[in-house]
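Given next are the chains, with one letter for each unit.
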Amino acid sequence: MFRPKFTRQYPEEKWIPPASYRGRPVLVQEDDGTERCVACALCSRVCPALAIEVQAGETAGEKERYPEKFEINMVRCIFCGFCEEVCPEEAIVMSDEYELVFSSQEEAIYGKDKLLVPKEKLKKRLEFLQEYR
Ligand code: SF4
Ligand code: SF4
């Protein structure tokens, strides 16, 4: 009776995860709106759940390749973080988002419209990776 309460009044009271938390994987969006990803498909190869599908396109720019299509099936994803670990560009990172809701299998397939997150919003995770990776 006299101990402090640890119950969180979710969802009114949100939990702010630490930088080490592995929430849903997202793609880093640069300041100019482009994706950092170079479509090497290493993340797709390493994903144990076969959740990632990447199709490369060519650009005339310095980067040469970009992901024309990039999809993650969030029903399959097991939040292992292997995609983040293997990415040579720090283009896919584990975010702090843990609220995932779908009403169908199709809705759970996230394309670039849902995956791209501005790098400013991912600052905490990117700094964590630079320090501990
Ligand atoms: S976190 Fe793991 S399961 Fe999810 S997309 Fe990345 S490699 Fe695949
Ligand atoms: S997210 Fe990284 S590992 Fe995956 S295709 Fe893009 S650059 Fe390659």
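Residues numbered from 1 in each chain as written. Chains lettered and ligands numbered in written order. Predicted model: local features only at pLDDT ≥ 70, side-chain atom pairs only at ≥ 80, totals over all residues. Heavy atoms only, no water.

## Some remarks on the sheet that holds strand β1 (residues 25-29)
- Read across the open sheet, the three strands follow the order β4-β1-β6; overall the sheet is mixed. On the outer flanks of this sheet lie β4 (92-94) and β6 (116-118), each paired with one strand and no other. In this sheet, neighbouring strand axes are inclined to one another by 50° on average, regardless of whether the strands run parallel or antiparallel.
- Note that β1 and β6 share three bridges and pair parallel. From the neighbouring strand, Val28 faces β6, where its bridge partner is Val117. (Pairing = 2+ DSSP bridges. Helix = DSSP H or I, 4+ residues; strand = E, 2+ residues; numbered from the N terminus. Axes fitted to C-alpha atoms, helices over the stretch in contact; angles between N-to-C directions.)

## Topic: the sheet that holds strand β5 (residues 109-110)
- Ordered by their spatial adjacency, three strands build an open sheet running β2-β3-β5, and the pairing between neighbours is antiparallel. Since the sheet does not close on itself, it has two edges, and those belong to β2 (52-58) and β5, each with one partner.
- In this sheet, β5 lies alongside strand β3 (residues 65-73) in antiparallel orientation, the contact comprising two bridges. Pairing of Asn73 across the sheet is with Ile109, part of β5.

## Quick notes on the environment of Gly81
- With respect to the element layout, Gly81 can be found in the loop between β3 and α2 (82-86).
- For the pair Gly81 and Glu53, spaced 28 residues apart in sequence, the C-alpha separation works out to 16 Å.
- Beyond its immediate stretch of four places on either side in the chain, Gly81 contacts Arg22 and Met94. (Contact = heavy atoms within 4.5 Å.)

## A look at the site of ligand 2
- Cys37, Val38, Ala39, Cys40, Ala41, Leu42, Cys43, Phe70, Cys87, Pro88 and Ile92 make up every residue found near ligand 2.
- Across the shell around ligand 2, the residue classes tally to eleven nonpolar, no polar and no charged. (Near = heavy atom within 4 Å. Nonpolar A, V, L, I, M, F, W, Y, C, P; charged D, E, K, R; others polar.)

## Quick word on the site of ligand 1
- Lining the immediate environment of ligand 1, one finds Cys47, Pro48, Ile52, Cys77, Ile78, Phe79, Cys80, Gly81, Phe82, Cys83 and Met94.
- Among the residues forming the shell around ligand 1, the class breakdown is ten nonpolar, one polar and no charged.

## What about the pattern of salt bridges?
- A complete count under the given rule lists ten salt bridges for this structure.
- For Arg8, the salt bridge is made with Glu13, and the minimal N-O distance between the two is 3.9 Å.
- Residue Glu84 is joined to Arg125 by a salt bridge in which the shortest nitrogen-to-oxygen separation is 2.8 Å. Of this pair, Glu84 sits in helix α2 while Arg125 sits in helix α4 (residues 123-132), placing them 41 residues apart in sequence.
- In this structure Glu84 comes out as buried when scored by relative accessible area, which is 5%.
- What makes Arg125 buried here is its relative accessible area of 7%.
- Salt bridges here are not isolated pairs; linked through shared partners, they connect Glu30, Asp31, Arg36 and Lys119. (Salt bridge = Lys/Arg side-chain N within 4 Å of Asp/Glu carboxyl O. Buried < 20%, exposed > 50% of the residue type's maximum accessible area, 1.4 Å probe, protein only.)

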